[in-house]
Amino acid sequence: MATNIVWHKSSVGKLHRQELLQQKGCVIWFTGLSGSGKSTLAYALCQALYSRGKLTYVLDGDNVQHGLNRDLAFKVEDRAENIRRIGEVAKLFADAGIIYIASVISPYRKDRDACCALFPEGDLIKVFMDVPLQICEARDPKGLYNFARAGKIKGFTGVDDPYEPSLNFEIVLPEKGNNITSPYEMAETVISYLEEKGYLRA
Ligand SMILES: Nc1ncnc2c1ncn2[C@@H]1O[C@H](COP(=O)(O)OS(=O)(=O)O)[C@@H](OP(=O)(O)O)[C@H]1O
Ligand SMILES: Nc1ncnc2c1ncn2[C@@H]1O[C@H](COP(=O)(O)OP(=O)(O)O)[C@@H](O)[C@H]1O
């Protein structure tokens, strides 16, 4: 643990940056099984917000495993550290005034809750991709469920490692009661939420 550390304050703060960008820094956190459509929706949202002149940054679980988190695997404690680091990075981006879009399985409730606790109330918006395991498994674009069922990957989420849903997701997609399942339309649902909560203006 580092000691004798003093926070250095800047004369240009989050409010100044938000004024410049005409938006509020926040985090959209897509969580759900592998194959549930997190990445597809994350990039559809990024594109839709870009078209509206809003600055976002997508951080995909798969991508951070190539750099920042390449020392981590999928043991319980590694996933906890993966999520903790992504949460801390999210905090920096949100402080920069950016709409940060995380796309990570983040299967354990405790780890997601710990990330939420890093932010002022409401600034981390958890979006649960509520897609049944059978559908994710049928999609299996990377063949990972196949490997997991064959015992070639141990501790695969949904197969032999749990996904723990929460009761307090801000958004659940696809929404019950309508037929909106395309990534582009679901991105609009998220944008409506951001508009309603005031994140798309300074
Ligand atoms: N054991 C195991 N369980 C789940 N997923 C696995 C595993 N091994 C590799 N993969 C691939 O890694 C991607 C998940 O990375 P995440 O950072 O989202 O995982 S986690 O939040 O730390 O659980 C995940 O990507 P997505 O399919 O995009 O979700 C998988 O491709
Ligand atoms: N809304 C959707 N409807 C149907 N198929 C989808 C949808 N979103 C993604 N897919 C498909 O499902 C597979 C997994 O999507 P992906 O975004 O990689 O999921 P995740 O990031 O959760 O692993 C891909 O083949 C993708 O084309």
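As the structure is a computational prediction, the values presented were derived from the model and not from experiment.

1. Topic: the pairing of strand E4 (residues 124-129)
Here comes step 1: The buried fraction of E4 amounts to six of the six residues, a majority that puts the element mostly inside the structure.
Here comes step 2: Of the two faces of E4, the one lined by Leu 124, Lys 126 and Phe 128 and the one lined by Ile 125, Val 127 and Met 129 are each fully buried.
Here comes step 3: Pairing of strand E1 (residues 26-31) with E4 involves five bridges; the strand directions are parallel. Its bridge partner lying in E4, Trp 29 is registered against Lys 126.

2. Examining the site of ligand 2
Here comes step 1: Inspection of the region around ligand 2 gives 13 residues, with Gly 35, Lys 38, Ser 39, Thr 40 and Thr 181 positioned closest.
Here comes step 2: Ser 36 places a main-chain nitrogen or oxygen 3.2 Å from an oxygen atom of ligand 2.
Here comes step 3: Cavity membership is defined here by more than half of the atoms lying within 2 Å of grid points; on that basis ligand 2 lies in the largest pocket.
Here comes step 4: Where the shell around ligand 2 is concerned, the elements lending two or more residues are helix H2 (38-51) and helix H8 (183-197).
Here comes step 5: The biggest single contributor to the shell around ligand 2 is H2, with three residues.

3. Focus on the pattern of salt bridges
Here comes step 1: Applying the stated criterion to the full structure yields 12 salt bridges.
Here comes step 2: Note that Lys 142 and Asp 62 form a salt bridge whose closest N and O atoms lie 2.6 Å from each other. Here Lys 142 is found in the loop between helix H6 (133-139) and helix H7 (144-149), whereas its partner Asp 62 is found in helix H3 (residues 61-64), with 80 residues between them in sequence.
Here comes step 3: Relative accessible area serves as the criterion here: at 39%, Asp 62 is assigned to the partly exposed category.
Here comes step 4: Residue Glu 81 is joined to Arg 84 by a salt bridge in which the shortest nitrogen-to-oxygen separation is 2.9 Å.

4. Points about the site of ligand 1
Here comes step 1: Around ligand 1, 21 residues are found, and the nearest of them are Ser 34, Arg 79, Asn 82, Ile 105 and Ser 106.
Here comes step 2: A distance of 2.8 Å separates an oxygen atom of ligand 1 from a polar atom in the side chain of Arg 79.
Here comes step 3: Within the backbone of Gly 155, one N or O atom sits 2.9 Å away from a nitrogen atom of ligand 1.
Here comes step 4: Protein contacts shield 92% of the accessible area of ligand 1, which totals 620 Å² for the unbound molecule.
Here comes step 5: The site holding ligand 1 turns out to be the largest pocket.

The rules behind each value
- Residues numbered from 1 in each chain as written.
- Chains lettered and ligands numbered in written order.
- Predicted model: local features only at pLDDT ≥ 70, side-chain atom pairs only at ≥ 80, totals over all residues.
- Heavy atoms only, no water.
- Buried < 20%, exposed > 50% of the residue type's maximum accessible area, 1.4 Å probe, protein only.
- Helix = DSSP H or I, 4+ residues; strand = E, 2+ residues; numbered from the N terminus.
- Pairing = 2+ DSSP bridges.
- Near = heavy atom within 4 Å.
- Polar contact = N/O pair within 3.5 Å; in protein donor to acceptor, adjacent residues only side chain to side chain.
- 1 Å grid on protein atoms, 1.4 Å probe; cavity = no way out; pocket = protein on both sides within 12 Å on 5 of 7 lines; lining within 4 Å.
- Sits in = over half its atoms within 2 Å of the grid points.
- Salt bridge = Lys/Arg side-chain N within 4 Å of Asp/Glu carboxyl O.
- Areas by Shrake-Rupley, 256 points an atom, 1.4 Å probe, with all protein chains shown as cover.

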